Amino acid sequence: MFVIAAMVVIVFFGVYLIGNPIDILISPDASLQEIEDTKARFGFHLPLYQQFFNFVLNAAQGDLGRSFVHGESAVALILHYMPATLELAALGLLFSLLLGLPLGIYAGYRARQWPGKAIMTGTIFGFSFPNFWVGMLLILIFSVQLQWLPSTGRGETVEVLGLQLSLFAPGGWQYMLLPALTLALHKASLVARLAQAGTQEALLQDYVKFARAKGLSEVRILFVHVLKNILIPVVSVLGLELGSMIAFAVVTETVFSWPGMGKLLIDSITKLDRPVIVAYLMMTVLVFVTINLVVDLLYTALDPRVRLQGEQS
Amino acid sequence: MMDVGLRLLVLVFGVAWFARLLRGQGHAYFTGISAYLSTGVLLILLVLAIFAPEFSPQNPYDLAQLSIMDGRLAPGAASMDGAFTYHLGTDDQGRDILSGILYGLRVSLTVSLVATLVAMAIGVVVGMYAAWAGGKTEVVLMRLVDLQLSFPSILVALMLMAAFGRGLDKVILALVIVQWAYYARTVRGTALSETGKDYIAAAKCLGLSDARILFKHLLPNCIPPLLVISTIQVANTIVLESSLSFLGVGVPITNPSLGLLISNGYGYMLSGQYWMSMFPGLALLAIVAAINLVGDRLRDALNPRLRR
């Protein structure tokens, strides 16, 4: 709650330092009267503290103002664009797990041999790739050269549980592959490094020796016994990283012209659409707080020790 | 523009700093081919960036040297008057991409180095002070740090740049604000464990002033853990700066960094004119990967737990 309260203050005053939206909304040759009218319409004529007071009052009722440009409620606008970003981030997260976990476990298993070392060096490259450049590279290879996948946009969407999603649409899923992969690369490297460190440690434990003594196959030991034990750090870090993934989607969405909230934010910044910027930030704070909660809940599901403590207290 | 001698001094200082950092751990650092390779690449790129005016075939800031007729030429093409070969092609305004990359490398490196150093200085002072003062001061400062670190750096930087507007100094300022909290948190941890040690107690018994204890005794012991982090942080800052520039809220057009070069060429990529953003991107990847690999090796080599 402290975080949210602090953000309200910072975001409001921070965003209201950005330029003068009046200059953009009205044509330069508008009369003084027109300028005053527009100011009054958006409440700019009030002193700053009063604007802030009104903002907090409205925000408490779930109203973060109207977009200057779109004329819609800012919250509705964000909510309209949000599913696209969330589905992108979710698929990116899935990709990073599918890519990072096996690579990391294998790198941990062969830590002293060249495959392990090669994978670890590879992850450093994964960290080093600038997000937007990877996206461009993928577009160049898969869209321009090979022409397998569409380069930009979102394609068809279908309504699933009241949300417009393109993942399940016949003409939509291929639009998601490249952006999600771009988003996933960085996190996959992170997952691989975590999994490698975890696997190296886990392989020294007694339960692995016991499993080997039982004659279980190495694959089963790695992907059943070891995997379970390295999931906890991976989940906690990834949970926190989901937030940064949504944030980095700003860059990816710009590259792929993906109509999500990140692109909305960039457009709003260039158009000085204050209510949308404020609403975006407030929604992001809310999402972050929710993610932290979900991560804590997932902890208890994954780690029986935490669950036991909770039940005793 | 600094003169050649001064720039040479900067390079020598950088190499000397690196050598001192490695003191006696060279054998642990130079293991395997990737260590040699990344260090070599980093050194070459640094030399290229520092001496960009001497190496680059064209000064991309000098409009008199540009010809709009040479716009968007493919790599290896000759200029209209045939006097000049564009090894990596030209951009839409007839600028040599190779020269653009060298100068852009310079901008990217300067911005991130300055931002990292300033952020480190601020972070060290705040973190040390928080640990030293304790009580409410510490709580307030650390709450601030936590608050900032709970947000992805790119979002914070994006907001700041939106508020500041474009400009080299503004990018640096935004990158400092984004990073200081990170150092403050690390330093506070180190400082807390250091203040409990005997030499601080001894200094207190001698009746030294707080400022003297902080800066002469505590500070030198708080810095070493930061050096490796800051190496990797320089790479992160380069990526962050280039992302901002790519989004159009970073460095000004008159001072293009690698990110801005990539952004400029992006519009032409779908039509197959890949070189305008491909080569700056490769340069960006090279410098960031080299710094990250060097940082990774440094961390292993300087980690006492891994010493054999």
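Once a new chain begins, its residue numbering starts again from 1 and follows that chain's sequence as written. Ligands are numbered from 1 and chains lettered from A, in the order in which they are written. Where local features are concerned, this predicted model is filtered to residues with pLDDT of at least 70; where side-chain atom pairs are given and counted, the filter is 80 or more; whole-chain, interface and lining totals use all residues.

**A closer look at the overall build of chain B**
Part 1 of the reasoning: When helices and strands are tallied, chain B shows 13 helices and two strands.
Part 2 of the reasoning: Buried, partly exposed and exposed are defined by the number of other C-beta atoms within 10 Å of a residue's own C-beta, namely 20 or more, between the two limits, and 12 or fewer respectively, with C-beta atoms placed from the backbone. Counting all 308 residues of chain B, 44% fall into the buried class.
Part 3 of the reasoning: Once C-beta atoms are placed from the backbone, any two residues with those atoms within 7 Å are in contact. Of the contacts made within chain B by residues no fewer than 6 positions apart, 69% connect residues no fewer than 24 positions apart. Here a helix means four or more residues in a row that DSSP labels H or I, a strand means two or more in a row labelled E, and each is numbered from the N terminus.

**Here we look at the overall build of chain A**
Part 1 of the reasoning: Check the secondary structure of chain A and you find 13 helices and two strands.
Part 2 of the reasoning: Taking all 313 residues of chain A together, the buried fraction comes to 38%.
Part 3 of the reasoning: When contacts within chain A are restricted to residue pairs at least 6 apart in sequence, those whose partners lie at least 24 apart make up 70%.

**Observations regarding the nonpolar core**
Across soluble globular proteins, nonpolar side chains have a tendency to be buried as a group.
Part 1 of the reasoning: By size, the foremost hydrophobic cluster in this structure holds 149 residues, and its most contacted members are Ala 249 and Tyr 280 of chain A together with Ala 157, Leu 158 and Leu 175 of chain B.
Part 2 of the reasoning: The residues contacting Ala 249 of chain A, other than those within four sequence positions of it, are Thr 85, Leu 88, Ala 89, Leu 183, Gly 260 and Gly 262 of chain A. The term nonpolar core refers to a group of buried residues, namely Ala, Val, Leu, Ile, Met, Phe, Trp, Tyr and Cys, whose C-beta atoms join them within 7 Å.

**Here we look at the interface of chain B and chain A**
Part 1 of the reasoning: Taken together, the contacts link 31 residues of chain B with 30 residues of chain A.
Part 2 of the reasoning: The biggest single contributor to the side of chain B that touches chain A is helix 13 (residues 275-302) of chain B, with nine residues.
Part 3 of the reasoning: For the side of chain B that touches chain A, the per-class residue count stands at 22 nonpolar, eight polar and one charged. Here the term charged refers only to Asp, Glu, Lys and Arg, the term nonpolar to Ala, Val, Leu, Ile, Met, Phe, Trp, Tyr, Cys and Pro, and the term polar to all other amino acids, Gly among them.

**Some thoughts on helix 11 (residues 261-271) of chain A**
Part 1 of the reasoning: Burial in helix 11 of chain A covers these residues: Met 261, Gly 262, Lys 263, Leu 264, Leu 265, Ser 268 and Ile 269 of chain A.
Part 2 of the reasoning: The first or second residue beyond helix 11 of chain A is Leu 272 of chain A, which carries a positive phi of 55 degrees.

**Some thoughts on the environment of Gly 243 of chain A**
Part 1 of the reasoning: Mapped onto the secondary structure, Gly 243 of chain A falls in helix 10 (residues 218-256).
Part 2 of the reasoning: You can call Gly 243 of chain A buried: it has 23 C-beta atoms within 10 Å.
Part 3 of the reasoning: For Gly 243 of chain A and Ile 291 of chain A, which are 48 residues apart along the polypeptide, the C-alpha to C-alpha distance reads 7.5 Å.
Part 4 of the reasoning: Excluding anything up to four places from it in sequence, Gly 243 of chain A contacts Val 287, Phe 288 and Ile 291 of chain A together with Pro 152 of chain B.

**Focus on the confidence of the model for chain A**
Part 1 of the reasoning: Confidence scores here are pLDDT values: one per residue, from the predictor, ranging 0 to 100. Residue-level pLDDT values for chain A average 73, and 65% of them are 70 or greater.
Part 2 of the reasoning: No element of chain A has a lower mean pLDDT than helix 2 (residues 21-25) of chain A, which averages 54, and none a higher one than helix 5 (residues 74-109) of chain A, which averages 83.

**Quick word on the confidence of the model for chain B**
Detailed reading of the predicted coordinates is not advisable wherever pLDDT falls low.
Part 1 of the reasoning: Summing up the model confidence of chain B, the mean pLDDT is 80 and the portion of residues at 70 or higher is 87%.
Part 2 of the reasoning: Scored as a complex, the prediction yields pTM 0.79 and ipTM 0.72.

**Some points on the packing of helix 10 of chain A against helix 7 (residues 153-164) of chain B**
Part 1 of the reasoning: Angular values range over 0 to 180 degrees, each being the angle between N-to-C directions of two axes fitted as lines to C-alpha atoms, with helices fitted over their stretch in contact. In the contact formed by helix 10 of chain A and helix 7 of chain B, the axes pass within 8 Å of each other and the chain directions differ by 55 degrees. It follows that helix 10 of chain A is oblique to helix 7 of chain B by the angle criterion. Contacts from Ala 247, Phe 248 and Val 250 of chain A in helix 10 of chain A reach Ile 154, Leu 155 and Leu 158 of chain B in helix 7 of chain B.
Part 2 of the reasoning: The residue makeup of the contact of helix 10 of chain A with helix 7 of chain B, split by class, is six nonpolar, no polar and no charged. Each angle receives one of four descriptions, namely roughly parallel if under 35 degrees, roughly antiparallel if over 145, roughly perpendicular if within 65 to 115, and oblique otherwise.

**Overview of the environment of Lys 204 of chain B**
All names here are of chain B.
Part 1 of the reasoning: Tracing the backbone shows Lys 204 in helix 9 (residues 198-205).
Part 2 of the reasoning: Overall, the presence of 13 C-beta atoms within 10 Å leaves Lys 204 in the partly exposed class.
Part 3 of the reasoning: The spatial distance from the C-alpha of Lys 204 to the C-alpha of Gly 14 is 36 Å, given a sequence separation of 190 residues.

**Here's the deal with the packing of helix 7 of chain B against helix 8 (residues 168-195) of chain B**
All names here are of chain B.
Part 1 of the reasoning: One way to put it is that helix 7 packs onto helix 8 with a least axis distance of 9 Å and a crossing angle of 145 degrees. The chirality of how helix 7 crosses helix 8 is right-handed. Residues Ser 153, Val 156, Ala 157, Leu 160, Met 161 and Phe 164 of helix 7 lie in contact with helix 8, whose contacting residues are Lys 170, Leu 173, Ala 174, Leu 175, Ile 177 and Val 178.
Part 2 of the reasoning: Residues that form the contact of helix 7 with helix 8 fall into these classes: ten nonpolar, one polar and one charged. The crossing is said to be left-handed when, going from far helix to near helix, the turn is anticlockwise and less than a right angle, and right-handed when the turn is clockwise.

**A look at the environment of Phe 279 of chain B**
Part 1 of the reasoning: Along the chain, Phe 279 of chain B turns up in helix 13.
Part 2 of the reasoning: Residue Phe 279 of chain B is classed as buried on the basis of its 22 C-beta neighbours within 10 Å.

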